[in-house]
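# Structural overview for review
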Amino acid sequence: MGNSGGKSQGKGCNISKHSSDSKVIDRTEAPRNEFSNKDLGLAEQLEERSRSCSGYVTGCICQSVFQDILEYGNTTGMGRLLFHKLTADRTTQSEWLKKEAFLQGFSHLRSLGNLSEYYFSMFTDEKNSCTRDNLGTMMETCFIVSSQIDETSDAEKRVLSSLIDSALNGNGAIAMSEFCAWEAANCPRLFNGLHCWIVSRITECSSVSVPKQGIHQDDYLLNTSLLWLLSTTLSSVFTNQQTASQSYPEEKLSVYQLPVWSLLYDSNHQGLSMNRFEHHLFHYKGPTLMLISMSPNILLGVVTDEEWR
């Protein structure tokens, strides 16, 4: 898909296309034939990996296995949060989960229609409100995992901080209902990359990372965090990605990629004349994104799904 993205350098503009706790958490027992052979095999693999954990409990999966699989960059602790999310009784904080409970919880996770409430409750440990620190962890995790980077730069942290400020709107915390409304209005694909990554990691029973994504280093305005933010915000016309309310086909869950946009016009290189602008833009028939730098702290974005003429 010939999506478009753009950036401007300086004050010009350019456009481009597109421990051994023996407690065991149980849930309602389900017949084994409710799950596919692939799912049953995955549960067996996770139990097999759990045998080396201290205090091994037969027929159960250890929390530390989740932590190993879901550890990436600064995302330490996400495996514990998800493990607790899959359990029925959060108050016991058990380190063991029966395979049947895992199969039910993972089946639900994989077929989620609304990602916002699920991941909000996961990052807040089932609380109904989210503090700035929790929100920061949530946003940074979504960004790092979706972009497949090791850590955030100062410029990227500023983008994430602006996103957090927008969600909190001057408050110290935000309720789930308020967050979900904000996310739907501003970043409807906020959790898409995280969701695909988690399901893929667990399905493959592996902590191997996919190749890192990113953009050219000289594209300093359109840095990786801004590219990710735009991918959570713009219509799928520009990103070819699904909204959070859409269920993911299984074949779509194994791969998540940031939008791939190609540069069409850069005022620093092609000049600011209208003739040069028309020459580089008017031949392209797909959707485009233009970024215009007004000052070091003001960046305007213009998107259109119609051709320039």
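So, a few notes on the structure that sits alongside this text. Quick caveat: nothing in here was measured; it's all calculated off a predicted structure. (Residues numbered from 1 in each chain as written. Predicted model: local features only at pLDDT ≥ 70, side-chain atom pairs only at ≥ 80, totals over all residues. Heavy atoms only, no water.)

The next thing to look at is the nonpolar core. In this structure, Phe102, Tyr119, Phe179 and Ile198 are the most contacted members of the largest nonpolar core, which totals 75 residues. In contact with isoleucine 198, not counting residues within four places along its chain, are Leu70, Met78, Leu82, Leu109 and Tyr119. Judged by nonpolar contacts, the second largest core, of six residues, contains Tyr265, Phe277, Leu281 and Met290. (Core = buried A, V, L, I, M, F, W, Y, C linked by side-chain atoms within 4.5 Å. Buried < 20%, exposed > 50% of the residue type's maximum accessible area, 1.4 Å probe, protein only. Contact = heavy atoms within 4.5 Å.)

Before going further, it helps to examine helix H5 (residues 115–123). Among the nine residues in H5, eight count as buried, and that is most of the element. Taken residue by residue, H5 has Leu115, Ser116, Tyr118, Tyr119, Phe120, Ser121, Met122 and Phe123 as its buried positions. The N-capping residue of H5, defined by a side-chain oxygen 3.0 Å from the backbone nitrogen of serine 116, is asparagine 114. (Helix = DSSP H or I, 4+ residues; strand = E, 2+ residues; numbered from the N terminus. Polar contact = N/O pair within 3.5 Å; in protein donor to acceptor, adjacent residues only side chain to side chain.)

Attention shifts here to the state of the cysteines. The tally for this structure, following the rule as stated, stands at zero disulfides. No disulfide involves cysteine 142; its sulfur sits 9.9 Å from that of cysteine 187, the nearest cysteine. (Disulfide = S-S within 2.5 Å.)

Take the layout of surface pockets next. One simple way to see leftover space: roll a probe sized like a water molecule over the atoms. If you add up the space inside the largest pocket, you get close to 950 Å³. Residue classes in the lining of the largest pocket are distributed as 19 nonpolar, ten polar and one charged. (1 Å grid on protein atoms, 1.4 Å probe; cavity = no way out; pocket = protein on both sides within 12 Å on 5 of 7 lines; lining within 4 Å. Points joined across faces, edges and corners; volume = space filled by probe spheres on them. Nonpolar A, V, L, I, M, F, W, Y, C, P; charged D, E, K, R; others polar.)

Our next topic: the pairing of strand E9 (residues 298–304). In the sheet, strand E8 (residues 288–295) pairs with E9 via seven bridges, with the strands oriented antiparallel. Directly across from serine 295, in E9, lies its bridge partner isoleucine 298. Two successive antiparallel strands, E8 and E9, enclose a turn made up of two residues. (Pairing = 2+ DSSP bridges.)

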